[in-house]
Amino acid sequence: MKIEIDKLISHLKTQGFVFPGSEIYGGLANSWDYGPLGSEVKNKLKKLWWDFFVRRNEYNIGLDSSIILNPKVWQASGHLGNFNDPLIDCKKCKSRFRADKLIEEKFSDMNVGGWTNQKIEDFIKDKSINCPKCNANDFTNIRQFTLMFKTNQGVVEDEASTVYLRPETAQGIFVQYKNSQRALRKKLPFGIGQIGKSFRNEITPGNFIFRTREFEQMELEFFFSPNDTNDWFEYWLKKVKFFLEKIILIDKKNYSIREHKKDELAHYAKRTVDIEFDFPFGRGELWGIAHRSDFDLKQHQTHSGQDLSYLDPETNEKYIANVIEPSVGVERLLLAIFCQSYVEEKIDNGERIVMKLPYQLAPYSIAIMPLQKQQNKRANELYKELLLDFDATFDETGNIGKRYRRQDAIGTPYCITIDFDTEKDNSVTVRNRDTMNQERIEIKNLKQYLLAKIF
Ligand code: GAP
């Protein structure tokens with residue numbers, strides 16, 4: 001998979017997948033909007049995740065919590081104290097960087113997670129790491145920079161009205177753990193899944209939609225007894241791999257698994273594994289799976305004064321549940337899918353760009369095309385019929401070759417052409433996006449044919 005990211009970005013913009021945010025006002029740095037086709041793919045991806053991790057899992061239930069929570073939540077979770085990145089300035093050109101990333105970008109096999117600021121500063125000096133912008137070697141000391149987005153609730157702007165936009169969806173789940181468990185009469189083990197926006201005032205956003213300040217997360221918090229001997233970490237790691245390979249068809253060759261070393265683990269984590277994807281700009285974290293122990297529930301129990309323990313109905317024992325958390329960013333997963341799907345191909349009569357999206361994620365499953373104007377009426381009838389079962393589009397402009405290229409470029413798996421013979425043989429030509437093979441199918445069998453191919 002060797003693609004140029006700039007070509008992909010330009011393609012996604014022209015075809016209506018992803019637009020630069022606020023573009024008519026000169027843009028807003030590192031913000032992106034999802035266009036008519038991008039929003040379709042994004043919604044389909046979220047639905048596949050929700051179906052797999054929430055609706056069709058025997059243990060799990062879903063939740064939709066608020067973005068703005070009581071600030072005490074962030075005190076308890078540790079975000080107000082610890083959710084910082086090490087910020088360093090180049091004294092010469094005044095550019096700002098994440099000090100840990102300066103090292104990791106220079107030495108791609110290094111992971112600086114868990115290092116003290118002093119160790120990072122010393123390493124930058126010892127290895128003479130220069131400013132990536134002006135090449136000077138004159139940095140300030142590291143300062144901790146909070147990633148929390150602050151705002152005020154209500155009419156008075158003071159300390160008491162300060163609230164934060166959530167930096168992860170997970171805490172909303174912990175806060176509603178007890179209500180959810182009681183209302184649904186859930187017994188351990190069970191999980192709560194949530195999809196929603198998160199906000200982080202990242203020092204160095206970038207690489208297109210890989211790291212942004214506003215993004216969506218799909219998170220599952222899976223609660224289990226500390227006495228449970230099942231390996232739930234492996235269970236969820238397997239589920240994540242299954243989802244990647246079998247549901248959204250991410251090629252095994254394009255991702256790898258990285259186990260966090262002991263000194264790199266977050267303070268609350270017993271074990272963490274990152275699934276990393278080979279993006280065109282390098283390998284990057286796609287999906288994290290963490291064993292968060294009983295840290296979060298214990299913290300919320302202490303700070304709220306509410307009992308968040310679980311009374312085991314079989315043993316009559318009371319304990320705080322442990323948690324496994326698989327967490328992924330919607331846009332990052334989308335970027336991986338876009339990178340893997342974008343293909344430039346030489347064909348007999350020239351070249352084509354095809355988005356080889358998994359069929360279930362393509363904005364349209366089928367395109368209906370009358371060969372000439374005379375067939376418009378029949379084609380329109382068929383289009384309306386097929387819309388009842390498929391995400392269909394109607395394409396009547398340009399010659400048929402151009403129309404195929406257009407549908408290839410947005411990833412439509414099947415094009416259906418109504419031609420001169422349709423009146424006589426009640427059949428249409430069905431053309432496959434990837435093989436470009438064409439088949440003549442009787443209209444009465446078309447729905448079954450497509451259902452079998454697409455779903
Ligand atoms: N609740 C755990 C948590 O939030 P994380 O590793 O900080 O863990 C989980 O984030 C996932 O969210 C990442 O693996 C990534 O896919 C996505 N993510 C995190 N920060 C992001 C950002 N600034 N832009 C886009 N996606 C991001």
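Residues numbered from 1 in each chain as written. Predicted model: local features only at pLDDT ≥ 70, side-chain atom pairs only at ≥ 80, totals over all residues. Heavy atoms only, no water.

## Some details on the overall build of the protein chain
Along the protein chain, the regular secondary structure elements total 15 helices and 23 strands. By principal-axis analysis of the C-alpha atoms, the protein chain measures approximately 75 × 65 × 50 Å. Here the protein chain holds 455 residues, and the buried ones make up 52% of them. Taking the intrachain contacts of the protein chain between residues at least 6 apart in sequence as the baseline, contacts between residues at least 24 apart amount to 65%. The averaged location of the 65 negative side-chain charges in the protein chain is 1 Å from the averaged location of its 67 positive side-chain charges. (Helix = DSSP H or I, 4+ residues; strand = E, 2+ residues; numbered from the N terminus. Buried < 20%, exposed > 50% of the residue type's maximum accessible area, 1.4 Å probe, protein only. Contact = heavy atoms within 4.5 Å. Lys, Arg positive; Asp, Glu negative; His and termini not counted. Charge placed at Lys NZ, Arg CZ, Asp CG, Glu CD.)

## Comments concerning the site of the ligand
The ligand sits among 19 residues. The nearest are Glu 168, Arg 200, Glu 202, Glu 219 and Glu 285. Of all the elements in the fold, those that place two or more residues in the shell around the ligand are β10 (214–224), β13 (282–293) and β16 (322–329). Among the residues making up the shell around the ligand, the classes are represented as five nonpolar, five polar and nine charged. (Near = heavy atom within 4 Å. Nonpolar A, V, L, I, M, F, W, Y, C, P; charged D, E, K, R; others polar.)

## A closer look at the pairing of β16
With respect to burial, β16 is a largely interior element, eight of its eight residues being buried. Every second residue of β16 is oriented toward a common face, with Asn 322, Ile 324, Pro 326 and Val 328 on one face and Val 323, Glu 325, Ser 327 and Gly 329 on the other, all of them buried. The sheet contact formed by β10 and β16 spans six bridges and is antiparallel. When the sheet's bridge partners are listed, Phe 222 is paired in β16 with Ile 324. For β13 and β16, the ladder comprises six bridges, and the chain directions are antiparallel. Its bridge partner being in β16, Ala 290 is matched across the sheet by Glu 325. (Pairing = 2+ DSSP bridges.)

## Some thoughts on the UniProt feature "domain: Aminoacyl-transfer RNA synthetases class-II family profile" (unreviewed entry) in the protein chain
As recorded in UniProt, the feature "domain: Aminoacyl-transfer RNA synthetases class-II family profile" (unreviewed entry) lies at residues 148–358. Overall, residues 148–358 shows 24% helix and 37% strand. The separation of its end C-alpha atoms is 36 Å. (UniProt positions renumbered as here; feature names shortened; annotations may be inferred.)

## Comments concerning the environment of Asp 278
Relative to the assigned elements, Asp 278 resides in strand β12 (residues 271–279). The spacing of Asp 278 and Asp 391 is 113 residues in sequence and 31 Å in space, taken between C-alpha atoms. For Asp 278, the side chain forms a polar contact with the side chain of Arg 283, separated by 2.7 Å. (Polar contact = N/O pair within 3.5 Å; in protein donor to acceptor, adjacent residues only side chain to side chain.)

## Overview of unusual backbone geometry
Following Leu 188, the chain continues into Pro 189 via a peptide bond in cis, with omega recorded as 0°. Tracing the backbone through its elements, the reader meets Pro 189 in the loop between α8 (177–183) and β9 (190–199). Positive phi, close to 55°, is recorded for Leu 249, a residue that is not glycine. Looking at the secondary structure, you find Leu 249 in the loop between α9 (232–247) and β11 (255–259). On the accessibility criterion, Leu 249 (46% relative accessible area) is partly exposed.

## Remarks on the packing of aromatic side chains
Taken as a whole and assessed by the stated rule, the structure comprises 35 aromatic pairs. Ring geometry for Phe 210 and Phe 279: centres 5.2 Å apart, planes at 75°, overall edge-to-face. Taken together, the residues Phe 210 in the loop between β9 and β10 and Phe 279 in strand β12 connect sequence positions 69 residues apart. Of the residues examined, Phe 279 reaches a relative accessible area of 4% and is grouped as buried. Relative to Trp 236, the ring of Tyr 235 lies with its centre 4.9 Å away and its plane at 85°, an arrangement referred to as edge-to-face. One Lys or Arg, Lys 119, reaches over the ring of Trp 115 and ends 4.5 Å from the middle of that ring. Over the ring of Phe 210 we find Arg 332; its NZ or CZ atom is 3.7 Å from the centre of that ring. (Phe/Tyr/Trp six-rings, centres within 6.5 Å; stacked < 30°, edge-to-face > 60°. Lys NZ or Arg CZ within 6 Å of the ring centre and 35° of its normal.)

## Description of the pattern of salt bridges
Applying the stated criterion across every chain, the model contains 44 salt bridges. With a closest N to O distance of 3.0 Å, Glu 216 and Lys 42 form a salt bridge. Placement of the pair is Glu 216 in strand β10 and Lys 42 in helix α2 (residues 36–55), with a sequence separation of 174 residues. Lys 42 matches Glu 216 in its accessibility class, with the two residues each being buried. Across the salt bridge formed by Arg 258 and Glu 276, the nearest N and O atoms sit 3.0 Å from each other. Linking Arg 258 in strand β11 with Glu 276 in strand β12, this pair joins segments that are 18 residues apart in sequence. (Salt bridge = Lys/Arg side-chain N within 4 Å of Asp/Glu carboxyl O.)

## Section: the environment of Glu 285
Following the sequence through the fold, Glu 285 ends up in strand β13. Relative accessible area serves as the criterion here: at 36%, Glu 285 is assigned to the partly exposed category. Between the C-alpha atoms of Glu 285 and Arg 55, which are 230 residues apart in sequence, the distance is 26 Å. Those residues in contact with Glu 285 that lie beyond four places of it in its chain are Phe 210, Asp 274, Ile 275, Glu 276 and Arg 332.

## Regarding the sheet that holds strand β5 (residues 96–98)
Strands sit in the order β5-β4-β6 across an open sheet of three strands; the sheet is antiparallel. Only two strands of the sheet have a single neighbouring strand rather than two, namely β5 and β6 (143–146). Sheet twist, expressed as the mean angle between neighbouring strand axes with direction ignored, is 45°. Across the sheet, helix α5 (residues 99–106) touches β4 (84–89) and β5, and the angle it forms with β5 is around 70°. (Axes fitted to C-alpha atoms, helices over the stretch in contact; angles between N-to-C directions.)

## Looking at the packing of α2 against α9
Viewed as axis vectors pointing N to C, α2 and α9 meet at an angle of 145°, and their least axial separation amounts to 11 Å. Crossing hand, α2 versus α9: right-handed. Packed against α2, whose contacting residues are Leu 48, Trp 49, Phe 52 and Phe 53, the element α9 presents Trp 236, Lys 239, Val 240, Phe 242, Phe 243 and Ile 247 at the interface. Its residues placed into classes, the contact of α2 with α9 shows nine nonpolar, no polar and one charged. (Left-handed = near helix turned anticlockwise from the far one by under 90°.)

## A closer look at the nonpolar core
Most often, soluble globular proteins keep nonpolar side chains buried together rather than apart. If you look at the biggest cluster of nonpolar residues, it comprises 54 residues, and the most contacted ones within it are Trp 49, Leu 244, Ile 248, Trp 287 and Leu 333. Elements with a contribution of two residues or more to this core: α1 (5–14), α2, β10, α9, β12, β13, β16 and α11 (330–341). (Core = buried A, V, L, I, M, F, W, Y, C linked by side-chain atoms within 4.5 Å.)

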